[in-house]
Amino acid sequence: MAEGNLVSRFFRATEIDTRLLGMIGALLIIWIGFHIITGGLFLTPRNLWNLSVQTTDIAIMTTGMVLIIVTRNIDLSVGSVLGLCAMIMGVTQAKILPEFIGFDSPFTWIITLIVGLIAGALIGTFQGLIIAFLNVPSFIVTLGGLLVWRGATWLVTSGQTVAPMDQTFRVMGGGAEGSIGATWSWIVGVLACLFVIGSIVNSRRQRKRFGFPRRPVWAEYFLSALSCALILGAVWIANSYYWPINIAKRYAEANSIPWPETGLDIPYGIAVPVLIAIVVGIIMTFIATRLRFGRYVFAIGGNPEAAELAGIKTRWVTVRIFALMGILAAVAAAISTARLNAATNAQGTLDELYTIAAAVIGGTSLAGGTGTIAGAMLGALVMQSLQSGMVLAHVDTPLQSVVVGAVLVVAVWLDTVYRSRAK
């Protein structure tokens with residue numbers, strides 16, 4: 001009993017979300033389990049680096065899915081929207097822009113990205129208007145969108161794959177050219193630590209200013225040390241994965257670097273798409289927790305009728321949520337296209353399943369009203385870890401779908417149990 005009380009006091013003092021902590025524990029179990037099953041292949045710098053890059057698409061989209069599910073809606077079309085935006089961006093930079101500004105113009109990537117973001121925003125706004133003002137359930141609208149936008153993707157090029165992509169645009173996909181290297185990775189890691197410490201200090205000052213209860217000083221030090229250790233540990237892992245020999249040789253020849261007998265170890269560092277996902281996560285967290293729009297979203301999810309009676313323009317909030325979802329799908333499409341160096345008709349297939357599952361696993365309630373961006377992004381990492389581990393373990397594709405479906409059902413059941421106990 002004394003130990004239980006000590007543990008309870010620890011969690012109350014540090015204000016650590018026990019549900020989020022349980023998810024981290026489940027993730028560690030998955031990692032260790034697959035590491036044993038695959039004979040030590042899973043928990044290697046190479047696989048963890050690739051895992052982080054592969055998670056970015058779903059992680060970015062699930063930040064928007066949280067807001068949609070919180071308002072008691074759903075978006076089944078995100079995978080198809082990603083595919084259409086990817087194809088639009090592919091055609092823009094590979095077929096349209098070269099006729100006007102050339103293929104390797106320094107403006108190609110930015111024009112392509114803007115076109116893709118506009119396309120995603122328009123698609124999301126269109127769906128949001130139908131849901132909000134025509135009162136068609138979001139399930140039906142986005143289910144129709146899943147079919148319509150997937151068909152439109154095929155119509156853009158009659159099913160042809162578009163390649164290659166602009167060289168600068170490909171940086172968003174990761175790889176040797178799409179990583180920031182060891183030095184900049186350590187700089188980013190140190191800056192992230194300073195940001196975390198500054199946030200904790202600022203939060204303590206704000207609580208003192210408004211008379212809110214503050215965490216014990218030892219808890220503040222513990223959280224700061226733990227956060228910095230995790231950040232710097234992630235940077236160390238990213239810097240422990242080196243370029244392949246052939247790529248390193250070409251780099252050495254291009255830069256007149258002598259090739260030593262032992263070879264040249266050039267660390268990848270943090271991948272650019274991972275940085276993009278982190279920035280998106282921070283921005284979406286700020287929107288959800290600090291802006292009036294975010295408060296409106298959770299108010300609508302908690303009680304739509306009361307929110308409307310309070311003067312919140314619930315319909316326009318719904319439109320903005322779906323427009324934001326479309327923009328995030330376009331960002332994910334840019335990363336996916338850059339990583340593949342091509343736009344294909346298969347991009348985004350079943351991504352709606354993984355996005356929704358990541359949000360639910362991350363603690364977003366399908367009943368609406370509750371959800372966190374950080375939890376959803378962690379849920380995306382859980383989903384991608386399962387998929388990556390099963391691939392390394394040579395699990396058949398049909399069985400992979402069975403496992404993912406079962407995990408989604410269990411996650412929803414656990415959410416139901418958690419909410420019933422909370423009441």
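Residues numbered from 1 in each chain as written. Predicted model: local features only at pLDDT ≥ 70, side-chain atom pairs only at ≥ 80, totals over all residues. Heavy atoms only, no water.

Note the following rule: UniProt positions are given in the numbering used here, feature names are shortened, and annotations may be inferred rather than shown by experiment.
Within an unreviewed UniProt entry, the label attached to the chain reads Xylose transport system permease protein XylH, and the organism entered is Rhizobium tibeticum. Taken verbatim from the UniProt record of the chain, the Subcellular location (unreviewed entry) comment is "Cell membrane".

## Section: empty space enclosed by the protein
Rules: Buriedness of a pocket was judged along seven lines, with at least five required to meet protein on both sides within 12 Å; pockets are open sets of points on a 1 Å grid over the protein atoms alone, cavities are sets where a 1.4 Å probe fits but cannot get out, and lining residues have an atom within 4 Å of a point. Grid points are joined across faces, edges and corners, and a volume is the space filled by probe spheres set on the points. Secondary structure is summarised from DSSP: a helix means a run of H or I of at least four residues, a strand means a run of E of at least two, and numbering begins at the N terminus for each.
Taken as a whole and judged by the stated rule, the model has one cavity of 30 Å³ or more. As a volume, the largest cavity reaches approximately 40 Å³. Lining of the largest cavity is provided by Asp75, Ser77, Val78, Val81, Gly124, Gln127, Phe322, Met325, Gly326 and Ala329. Only helix 4 (78-96), helix 6 (108-133) and helix 14 (314-340) provide two or more residues apiece to the lining of the largest cavity. Tallying contributions element by element places helix 14 first for the lining of the largest cavity, with four residues.

## Some remarks on the side chain of Thr92
Heads up, the condition is: Under the scheme applied here, a residue whose accessible area is under 20% of the maximum for its type counts as buried, over 50% as exposed, and between as partly exposed, the area being computed with a 1.4 Å probe on protein chains only. In what follows, residue pairs with any heavy atoms lying within 4.5 Å of each other are defined as contacts.
Its place among the elements puts Thr92 in helix 4. Note on Thr92: relative accessible area 8%, which makes it buried. Ignoring sequence-local partners within four residues, the contact set of Thr92 consists of Leu97, Pro98, Thr112 and Val115.

## Describing the side chain of Gln93
Assignment of secondary structure puts Gln93 in helix 4. Its relative accessible area of 0% is what places Gln93 among the buried residues. Sequence-distant contacts of Gln93, that is, excluding residues within four places in its chain, are made with Pro98, Phe103, Thr108, Thr112, Met165, Asp166 and Phe169.

## Topic: the pattern of salt bridges
Worth spelling out the cut-off: Should a side-chain nitrogen of Lys or Arg be within 4 Å of a carboxyl oxygen of Asp or Glu, the pair is scored as a salt bridge.
Counted according to the given criterion, the structure contains five salt bridges. Note that Glu15 is salt-bridged to Arg207, the shortest N-O span being 2.8 Å. Taken together, the residues Glu15 in the loop between helix 1 (2-14) and helix 2 (18-37) and Arg207 in helix 8 (residues 181-210) connect sequence positions 192 residues apart. What makes Arg207 buried here is its relative accessible area of 19%. Its salt-bridge partner being Arg339, residue Asp57 comes within 3.0 Å of it at the nearest N-O pair. Highlighted residues: Asp57 in helix 3 (residues 45-70) and Arg339 in helix 14, separated in sequence by 282 residues. Several salt bridges share partner residues, and in doing so they unite Glu15, Arg204, Arg207, Arg215 and Glu220 into one network.

## With respect to the packing of aromatic side chains
This is how it is decided: The criterion for an aromatic pair is that two Phe, Tyr or Trp rings (for Trp, the six-membered ring) have centres within 6.5 Å, with stacked assigned to planes under 30 degrees apart, edge-to-face to planes over 60 apart and tilted to the rest.
Applying the stated criterion across every chain yields a total of twelve aromatic pairs. Taking 6.0 Å as the distance between ring centres and 25° as the angle between the ring planes, the aromatic pair formed by Phe10 and Trp218 counts as stacked. With a gap of 208 residues between them, Phe10 in helix 1 and Trp218 in helix 9 (residues 217-239) connect regions that are remote in the sequence. On the accessibility criterion, Phe10 (26% relative accessible area) is partly exposed. The interplanar angle of 85° and the centroid separation of 5.2 Å between the aromatic rings of Trp243 and Tyr251 together place this pair among those described as edge-to-face. When its relative accessible area of 16% is taken as the criterion, Trp243 is described as buried. Since its relative accessible area comes to 35%, Tyr251 is described here as partly exposed. Site record: aromatic cluster; members linked through ring pairs are Phe10, Phe11, Trp218 and Phe222.

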